[in-house]
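What follows is the residue order along each chain.
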Amino acid sequence: MQRWLILPDMQVPYEDRLSLAAVESYMAAHRWDGYLNLGDLLDFNELSSYVEGKPGAVTEDVATTFAAANEILDRHVRLIRGRNLKARMVLLQGNHDYRAVSYAEKHPGLKEHLDVPRNLRLKERKIEWIESWKKGRLFRLGNAYFTHGLYTSKYHAARMVDHFGVCIYYGHTHDVSIHPKVTHGNDKTLEGGSLGCLCRYDQKYLKGAPTNWQQAVTTVFLQQCGNYNLYVSRIFGHRFVGPDGKLYGGQS
């Protein structure tokens, strides 16, 4: 049986550092066979259509964002591979990560500075990069499939499982929502599930508006036959109880 850790949208440099620290404590407490980041590791607000700036200033901001993300990946590689050198590490491309591609198309001279796999040293770290947003590629663990996400409507989980026709899990929406799809036969139920976020709740663009966002971390236990159990640990006050029954996080 394999144990995988699933992390949703961090949107560095707007990750919630206390909640992420709690997740990293959980990470350190166990041996992992795999680590999957669902995308939007990077926020790239400096590249969004909502922010206007000169290419020179953008380059400086992007470098700062990459530096912050590299610090996080350094920690996670140590924690995941410290007990298992063969552990797989996978990073999906989210729509915020894709901002770098869109911006480089408009400013070709900045392409090298905006290359996400290169600037995160993914090849060097042996982290797999999956173009989930640009090419719609999925990552599969047995009978479970993962992508960054597509829909943001009220019924996004239902739309996702109807669209893909498999058990599909994703980030993107920042909430936690599971919707089952009934099919004929025993043990044939499918489901779509959004797995929360790890970014801060106080994003400036929200302007104090209420949201249904929920910080969370997910553990998947994968059997050799492809069946799996998926546990979503919701984070409250920067603390959560993992599927091992232990409390992680020191502040509330």
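The structure reproduced in this document is the subject of the present report. (Residues numbered from 1 in each chain as written. Predicted model: local features only at pLDDT ≥ 70, side-chain atom pairs only at ≥ 80, totals over all residues. Heavy atoms only, no water.)

**A look at the packing of aromatic side chains**
Thought 1: Under the counting rule described, the total for this entry stands at nine aromatic pairs.
Thought 2: An angle of 90° between the planes, with centres 5.7 Å apart, marks the rings of Y26 and F240 as edge-to-face. One end of the pair, Y26, is in helix α1 (residues 17–28); the other, F240, is in strand β12 (residues 240–241), with 214 residues separating them in the sequence.
Thought 3: Centre to centre, the rings of Y169 and Y228 are 6.1 Å apart; their planes meet at 90°, and the pair counts as edge-to-face. In this pair, Y169 is assigned in strand β7 (residues 167–170) and Y228 in strand β11 (residues 228–234), connecting sequence segments 59 residues apart. Each member of the pair Y169 and Y228 is classed as buried.
Thought 4: Taken together, Y26, W32, F240 and Y248 form an aromatic cluster joined through their ring pairs.
Thought 5: Sitting over the face of the ring of W32, R3 holds its NZ or CZ atom 5.6 Å from the ring centroid.
Thought 6: It is R159 that lies over the ring of Y151; its NZ or CZ is 3.8 Å from the centre. (Phe/Tyr/Trp six-rings, centres within 6.5 Å; stacked < 30°, edge-to-face > 60°. Helix = DSSP H or I, 4+ residues; strand = E, 2+ residues; numbered from the N terminus. Buried < 20%, exposed > 50% of the residue type's maximum accessible area, 1.4 Å probe, protein only. Lys NZ or Arg CZ within 6 Å of the ring centre and 35° of its normal.)

**Some thoughts on the sheet that holds strand β4 (residues 127–130)**
Thought 1: On the basis of which strands lie adjacent, the open sheet formed by six strands has the order β4-β3-β2-β1-β10-β11 and mixed pairing. The strands lining the two open edges of the sheet, one partner per strand, are β4 and β11. Going from strand to strand, the sheet's axes swing by 20° on average, the running direction of each strand aside.
Thought 2: The sheet contact formed by strand β3 (residues 88–92) and β4 spans four bridges and is parallel. Across the sheet, the residue bridging to V90 is E128, located in β4.
Thought 3: Packing of α1 onto the sheet brings it into contact with β1 (2–7), β2 (34–37) and β10 (216–222), and relative to β1 it is tilted by some 170°. (Pairing = 2+ DSSP bridges. Axes fitted to C-alpha atoms, helices over the stretch in contact; angles between N-to-C directions. Contact = heavy atoms within 4.5 Å.)

**Considerations on the sheet that holds strand β8 (residues 176–181)**
Thought 1: The mixed open sheet is built from five strands, whose spatial order is β5-β6-β7-β9-β8. If you trace the sheet from one side to the other, it starts and ends with β5 (139–141) and β8, each paired once. The average angle at which neighbouring strand axes cross in this sheet is 20°, direction not considered.
Thought 2: The sheet contact formed by β7 and strand β9 (residues 190–195) spans three bridges and is parallel. Bridged to Y169 within β9 is G193.

**Considering the side chain of H76**
Thought 1: Here H76 shows up in helix α2 (residues 55–81).
Thought 2: Overall, the relative accessible area of 0% leaves H76 in the buried class.
Thought 3: Setting aside residues no more than four positions away along its own chain, H76 makes contact with L7, M10, L20, E24, M27, Y35 and M89.

**Some thoughts on the pattern of salt bridges**
Thought 1: Across all of its chains, the model carries 12 salt bridges by this definition.
Thought 2: Across the salt bridge formed by E24 and R75, the nearest N and O atoms sit 2.9 Å from each other. On the criterion of sequence distance, the pair formed by E24 in helix α1 and R75 in helix α2 is long-range, its members being 51 residues apart.
Thought 3: When its relative accessible area of 11% is taken as the criterion, E24 is described as buried.
Thought 4: A salt bridge links E112 to R118, with the shortest nitrogen-to-oxygen separation between them at 3.2 Å.
Thought 5: The exposure class assigned to E112 is partly exposed, which follows from its relative accessible area of 49%.
Thought 6: Look at R118 and you get partly exposed, because its relative accessible area is 48%. (Salt bridge = Lys/Arg side-chain N within 4 Å of Asp/Glu carboxyl O.)

**Some points on the pairing of β3**
The two faces of a sheet get side chains in turn, since along a regular strand they alternate between them.
Thought 1: Of all five residues that make up β3, four are buried, and the element is covered over most of its length.
Thought 2: With four bridges joining them, β2 and β3 adopt parallel strand pairing. Note on β3: the bridge partner recorded for N37 is L91.

**A look at α1**
Thought 1: For α1, with 12 residues, the first-to-last C-alpha span of 16 Å sits near the 16 Å given by 1.5 Å per residue.
Thought 2: S19, L20, A22, V23, E24, Y26 and M27 are the residues of α1 that are buried.
Thought 3: For α1, the capping residue at the N-terminal end is D16, with a side-chain oxygen 3.2 Å from the backbone nitrogen of L18. (Expected span 1.5 Å × (residues − 1). Polar contact = N/O pair within 3.5 Å; in protein donor to acceptor, adjacent residues only side chain to side chain.)

Keep in mind these values describe shape, not function.
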